[in-house]
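Residue-level structure breakdown
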Amino acid sequence: MAVIYIDNVPYEVKAGKNLLEACLSLGFDLPYFCWHPAMGSVGACRQCAVKLFKDDQDTKGRLVMSCMESVRDNLYCSIEDTTAKAFRSQVIEWLMTNHPHDCAVCDEGGSCHLQDMTVMTGHAYRRFNYKKRTYNNQYLGPLINHEMNRCIQCYRCVRFYKDYAGGKDLDVFAAHNNVYFGRATDGVLENEFSGNLAEVCPTGVFTDKTLKEHYTRKWDLTMAPSICQHCSLGCNIIAGERYGELRQITNRYNGDVNGYFICDRGRFGYEYVNSLNRIQHPLIRSHVPEAVNRETLFDHLKPLLSGKVIGVGSPRASLESNFALRQLVGENQFFSGVPETTAEMMEIILSVFNTGDVRIPSMKETEEADVVLILGEDLNNSAPRLALSVRQAVRNNPVEVANTINIPAWHDAALRELVQSEKGDCFIAYPVITKLDELASGTYYISPDEIARLGYAIANFLDPQASAVPDLQGNMQGHAVLIGNSLQKAKNPLIVTGVSLQNPSIIKAAAAIAAALGEGDRKAMLAVVVPDCNSMGLAMMNAPSILNSTALSTIGSPDTLIILENDLFSISQEAQISEILDRSTNIIVLDHLHNPTSARADIVIPVGTFSEADGTLVNNEGRAQAYFQVYMPKNENLRESWRWLSDLKNLRDGTTDANNVTPHDLIRQLADKMPQFTGADQAMPTADLRIKDQKIPREPHRYSGRTAMNANLDVSEPKPPSDPDTPLSFTMEGYKGLQPAPLNSFFWSPGWNSNQSVHKYQMEVGGALYGGNPGVRLFNHINPGDRSYMNGIPPRFKPDKENWEMLPLPHLFGSEALSSLSKGIAELSPQPYVAINSMDAESLNVDEGSILQVIIEGVQYELPVKIKPELPARTAGLPYNLQELTGIKWPAHGQLVKG
Amino acid sequence: MESLSNRKKVLEQKPMNFWERLYLPAIFQGMAITFKHMFKKKETIFYPEVEREFSENWRGMHSLKRDEQGRERCTACGLCALSCPAEAITMIAAERQKGEEHLYREEKYAAVYEINMLRCIFCGLCEEACPKEAIYLDGPIVPANYLRKDFIYGKDKLVEDPINIESPVAGN
Ligand code: SF4
Ligand code: SF4
Ligand code: SF4
Ligand code: SF4
Ligand code: FES
């Protein structure tokens, strides 16, 4: 703690911060551009000037950049000083000499940091009457728009893109008054995090191109706190709607999870919500016409629910919906709709987490690791945001050195100068090159079984009690010793693994390493990537997989099979799924989009997507997080799955709910029934929570057009929709101050219209939100002793001439079904391919691009060859879950024949 | 009860005398005033055949302006809708495409622009807020109508006629 004097008033602030952070944390409005809470200071924009005095006697003082000044005891400064104020407004005036008068057509307008800072400094009149500098804009792909004239040369974009996210293709060119921020030539931005440029850039140079298709100002959006649905990490997002259409996804700060950044899949993958392929009406296939109303549907369903009913839960449906289904069909009739191997891997993960042998890190904690070992994951493509965290982690060791020579952690320019290209240890074992390889001190391109064996060898090196790996390949022991030594020396080692390669042994091996590394305070971190946004939640319900052979005998031939938000045909082979579906007399599907499974259903019930429903998801670290309905869809059929399912239960039992069922009620019942969910009910607030007797608005107070926008439909202004399920209201009415963090529907503060206002919601700049970051960590129940994951070393991988091992290779764009329906993402998704190494290509006598027939369990695919020289022999990589390549039962083997 | 203002006048109600009870003098007095007015200048006009001259700062129906080259000035920035106290304006923005430069002045335009005239209070704040001199309340009185939906004025009714292009600000 240090005492500083701002305009002669003493304040106690945290030492080690810079003066700008301290002032902002104290609530002062001090303008800035180049400083970013996650990226530190470089002192480039000169906007944050304050007057600094030698001591309390000094009256003259000198101007300094507050972002470059360390906080120390007895520091005297002035924000209100006239010279400092004049300086700050002149900096803006000078930036404005070249800035176009563009706000009216600029996508940034209304959430523009430059606008806010201009108003804050009081620069209101432009004296510059000459021609402005202009640039050509570039085509940067379907996701990001470029409008270079608006640039104020703060350098945030390149600092984020290159330094923070490791991008290669965005840079700064030219010099003096003509610097240009863009690519060397027009082209798609390659980095997985390019969408953050729209938020990092304080002006309208980089903006969300998908928003342009249905442009809406921030003040006109109805917004709700939400959770990304496109991978297992559970990044917090804000989803915005207008005219019944989802229009924008932005980052929602959560200091423990995603911080300030999300990946492009999460930001741009929302368009499926607006898809024409949405199911709009309940459908009864045997009825003419198929589309029916609710009464007819219920009349038809009533007899079907009384027989033997089997329910199939979904890893992409909320806890509420899965639980409502389980309540409807009964515990023993509830199955999980995930492939058998996934279920097996999830079981291993749960048992490892429950032993308490490892520390399950939040994404923020992974950033604090000093040595990282990645076993069998291509993070940039399977859990993108985590790759960004790992990128920060490898800097920790070199940065440590900086501390010893008194360079503060926020001094980005000095740190990067010092660190240069030095990196902490990072080891990656994966069959092909990944983007993180450039950071790695060791990369091992080996087959999944060999990855597991390497893992076990490391565990054995760290803890000789662990079983030794028989028949270890030549240099493997050497690698294991190298990695083991580094991990042993590390203060805070991190092991990352996951389900991507569909190999349970890899997860076991990773757990064995983490467990061998230490106990108690020295527990190592084990981060696990799981398939979907609620895979963890579903797995915690302990329901067997529907594709499990023993499950088949249990289900027998049911009267009715209810499939919840799940396209079963995409997760396994058609024959296997058909066999299950054929057993049932009636198939009911609840989903939001038409898909092969809904096509097979006898009854289809339309449900709301994440933006039309409330729910709770459990992410890969076991954090339960709530997402909230953004708007009330005009189509009354689009209801939450859990609401339909609760209705069906009442229908069958002939009961009625005295009160409206709320998501909180469901989660509470869930936690009562299954103690592993204790605490999850804290994540989803009760519907009657009020702040000062008020609900929390989803719309900013400037929301416009309320009496006009629906007048063409109904002039008599119906009552605005009410939300009986949550503490949020669908209008602008409600409590205007700081809300509880999980209920932040948007970030705004007087004078701070852009997302930079988030610091007003943080206890200290860059720290936790007021009231704690959202989400409740589960996995508090430790059953020590179960160490079965220690065993199961697979035999050595033997290349098989006939039976190739197929490797599912995830892609940021394309491997997740829902996001792939967005136009821009579909455009950037890879075409189907089969990857083999050069030797294998030679032996098959094919070149890059020649067509190979890939036969997996009798199903034949014709795919162009992609040569990846690093691939292990007799393994073939297929892009995972691409639309054209769904319905493969993983892990898979197959034959490759020249076509 | 005591008077509150001390200005209470107590009126005495005297019985009317004979002349008064005849009412004739009062009737003739009234008729005289009426006849006098027949020869005075009329206060009313024959609206809608005749219209009064509007004052300089009269606020009537909105019109969405075009520039000298006939292009729509509105860029759908949303400031009018934002400033409207009756929340009567709504618009849908769109990007100008290549080849539409002669239609819209800047990169963005309002694909839909609607004012709910039943809600509008003709305060003129939209006009004041517009940074593009695109909306003026310089039109006539908004006519009466039978159906409520006919009070939703879209671009068809609001956008200035392309042929009749005048300087946007009257008197400028
Ligand atoms: S970047 Fe900001 S200040 Fe510049 S034109 Fe856009 S909205 Fe206006
Ligand atoms: S493009 Fe944006 S972030 Fe980059 S220097 Fe210019 S204003 Fe700053
Ligand atoms: S990393 Fe995952 S959860 Fe985060 S934004 Fe990307 S897809 Fe969504
Ligand atoms: S005149 Fe006033 S009430 Fe009418 S549309 Fe304009 S701002 Fe709204
Ligand atoms: S924020 Fe301090 S110089 Fe840019």
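Residues numbered from 1 in each chain as written. Chains lettered and ligands numbered in written order. Predicted model: local features only at pLDDT ≥ 70, side-chain atom pairs only at ≥ 80, totals over all residues.

**Notes on the overall build of chain B**
- For chain B, the count of helices and strands is five helices and five strands.
- When the helices and strands of chain B are read in sequence order from the N terminus, they spell out α-α-β-α-β-β-α-β-β-α.
- Relative to its length of 172 residues, chain B is extended, with a C-alpha radius of gyration of 27 Å against a globular reference of 16 Å.
- With the principal axes as the frame, chain B shows a C-alpha extent of 90 × 50 × 35 Å.
- Going through the 172 residues of chain B one by one, you find that 25% of them count as buried.
- Once local pairs closer than 6 in sequence are excluded, the contacts in chain B between residues at least 24 apart make up 74%. (Helix = DSSP H or I, 4+ residues; strand = E, 2+ residues; numbered from the N terminus. Rg over C-alpha atoms; globule rule 2.2 N^0.38 Å. Buried ≥ 20, exposed ≤ 12 C-beta atoms within 10 Å, placed from the backbone. Contact = placed C-beta atoms within 7 Å.)

**Side note on the overall build of chain A**
- Within chain A, the secondary structure is distributed over 27 helices and 34 strands.
- Oriented by its inertia axes, the alpha-carbon framework of chain A measures out at about 85 × 80 × 55 Å.
- Looking at chain A as a whole, 57% of its 899 residues are labelled buried.
- Within chain A, residue pairs in contact and separated by at least 24 positions form 74% of the contacts whose partners lie at least 6 positions apart.

**A few points about the sheet that holds strand β20 (residues 525–529) of chain A**
Residue and element names in this part refer to chain A.
- As summarised here, the arrangement of the five strands in space is β18-β17-β16-β19-β20, forming an open sheet in which the pairing is parallel. The sheet terminates laterally at β18 (442–444) and β20, the two strands that pair on one side only. If you compare each strand with its neighbour and ignore which way they point, the axes differ by 10° on average. (Pairing = 2+ DSSP bridges. Axes fitted to C-alpha atoms, helices over the stretch in contact; angles between N-to-C directions.)

**So, the environment of phenylalanine 261 of chain A**
- Tracing the sequence through the fold places phenylalanine 261 of chain A in the loop between β12 (245–251) and α7 (264–268).
- The residues touching phenylalanine 261 of chain A, leaving out its near neighbours within four places in the chain, are Phe193, Asn196, Asn251, Arg385 and Leu388 of chain A.

**Digging into the site of ligand 4**
- The full set close to ligand 4 counts 15 residues, and Cys84, Cys120, Cys123, Leu125 and Cys126 of chain B are the nearest of them.
- Residue composition of the shell around ligand 4, by class: 13 nonpolar, two polar and no charged. (Near = placed C-beta within 6 Å. Nonpolar A, V, L, I, M, F, W, Y, C, P; charged D, E, K, R; others polar.)

**Re the domain arrangement of chain A**
- Domain assignment breaks chain A into domain 1 (2–95), domain 2 (283–341 + 538–686), domain 3 (343–530) and domain 4 (804–898).
- Domain 1 of chain A and domain 2 of chain A are separated by 55 Å when their C-alpha centres are compared. (Domains from an automatic or database assignment.)

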